[in-house]
Amino acid sequence: MLGVFGGTFDPVHYGHLRSALEVNEFFALSKLLLIPSAQPPHRVEPAASATERLQMLELAVRDHPELTVDARELDHNGPSYMVNTLATLRLDYPQETLLLFIGCDAFKHLTSWHQWQRLFDFAHIVVMTRPGAVIEPIPDFFKLRCCQQLTELASTRAGKLYFQHVTPLDISATAIRQIITNQQNPGFLLPDMVLAYIKQHQLYLRH
Ligand code: ATP
């Protein structure tokens, strides 16, 4: 199974990285692709450029060969729609079952994603939850796709919804940007090499 972990990564932090490592191990993935969104369609423009966010991600995983950065969304003009990204991955990895990993917060807004139902044509979706998290009542479209067994995921190529706990780390890129703007130190929330890059490129200094 091939994992797909998309995000704005503005900047990448230990919340992303720890979750990525845990799901990579838990699902015994052949590969976990971290895919920065070049032009996120659902939010205001990122503070750092797509190239800067990509470079920070590459620094973050430099000593972790089990995590792979995939820059395919930077090769496309226009909004980065996950459904299009999954379609290209399906072509590139025709034999693989694709697992799309998203956080609980992203799952709450999934039905606002471009052609969200079609995501299930290409991949299973795994929602990374925290122990004790209450998942809001979910629409029938999702309920029908929920599965409890890993074997169910492995036996089909796409179309299921699975919930997997990861270690909760209450870190967000928004909070990190705010800390930097306030001229405080975000150390230990993200890798030192990423922090050094942020300083060198003078990112996030202004609102
Ligand atoms: P921002 O604060 O700018 O919205 P973010 O920290 O939520 O950013 P994103 O790049 O938007 O980071 O998130 C990418 C993916 O990682 C999403 O699916 C999101 O739910 C998930 N994610 C973000 N932070 C965490 C965290 N602390 N633990 C687990 N997953 C996370």
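Higher on the page you've got the structure.
Let us look at the structure shown here. (Residues numbered from 1 in each chain as written. Predicted model: local features only at pLDDT ≥ 70, side-chain atom pairs only at ≥ 80, totals over all residues. Heavy atoms only, no water.)

### Regarding the sheet that holds strand E3 (residues 67–69)
Within a sheet, each strand pairs with its neighbour through backbone hydrogen bonds, oriented either parallel or antiparallel.
Thinking step 1. Spatial strand order, E3-E2-E1-E4-E5-E6: 6 strands in an open sheet with parallel pairing. Two strands close off the open sheet at either side, each with one partner strand: E3 and strand E6 (161–165). Strand-to-strand, the axes of this sheet are offset by a mean angle of 30°, without reference to chain direction.
Thinking step 2. Here strand E1 (residues 2–7) pairs with strand E4 (residues 98–103) via 4 bridges, running parallel. Its bridge partner being in E4, Gly-3 is matched across the sheet by Leu-99.
Thinking step 3. The sheet strands contacting helix H1 (residues 14–26) are E1, strand E2 (31–36), E3, E4, strand E5 (124–129) and E6, and the helix crosses E2 at an angle near 150°. (Pairing = 2+ DSSP bridges. Helix = DSSP H or I, 4+ residues; strand = E, 2+ residues; numbered from the N terminus. Axes fitted to C-alpha atoms, helices over the stretch in contact; angles between N-to-C directions. Contact = heavy atoms within 4.5 Å.)

### A short note on the site of the ligand
Thinking step 1. The full set close to the ligand counts 20 residues, and His-13, Arg-43, Asp-105, Ala-173 and Thr-174 are the nearest of them.
Thinking step 2. At a separation of 3.0 Å, an oxygen atom of the ligand approaches a polar backbone atom of Phe-9.
Thinking step 3. In the model, a nitrogen atom of the ligand is placed 3.5 Å from a nitrogen or oxygen of the Gly-15 main chain.
Thinking step 4. Among the elements of the structure, E1, H1, E4, helix H4 (104–108) and helix H8 (173–181) are those that each provide at least two residues to the shell around the ligand.
Thinking step 5. Residue classes in the shell around the ligand are distributed as 7 nonpolar, 10 polar and 3 charged. (Near = heavy atom within 4 Å. Polar contact = N/O pair within 3.5 Å; in protein donor to acceptor, adjacent residues only side chain to side chain. Nonpolar A, V, L, I, M, F, W, Y, C, P; charged D, E, K, R; others polar.)

### Comments concerning helix H2 (residues 50–60)
Thinking step 1. The element H2 is extensively covered by neighbouring structure, given that 8 of its 11 residues are classed as buried.
Thinking step 2. Of the positions making up H2, those classed as buried are Ala-50, Glu-52, Arg-53, Leu-54, Met-56, Leu-57, Leu-59 and Ala-60.
Thinking step 3. Considering only its buried residues, H2 is in contact with H1, E2, E3 and helix H9 (192–200). (Buried < 20%, exposed > 50% of the residue type's maximum accessible area, 1.4 Å probe, protein only.)

Functional significance is not addressed by these values, which are geometric in nature.
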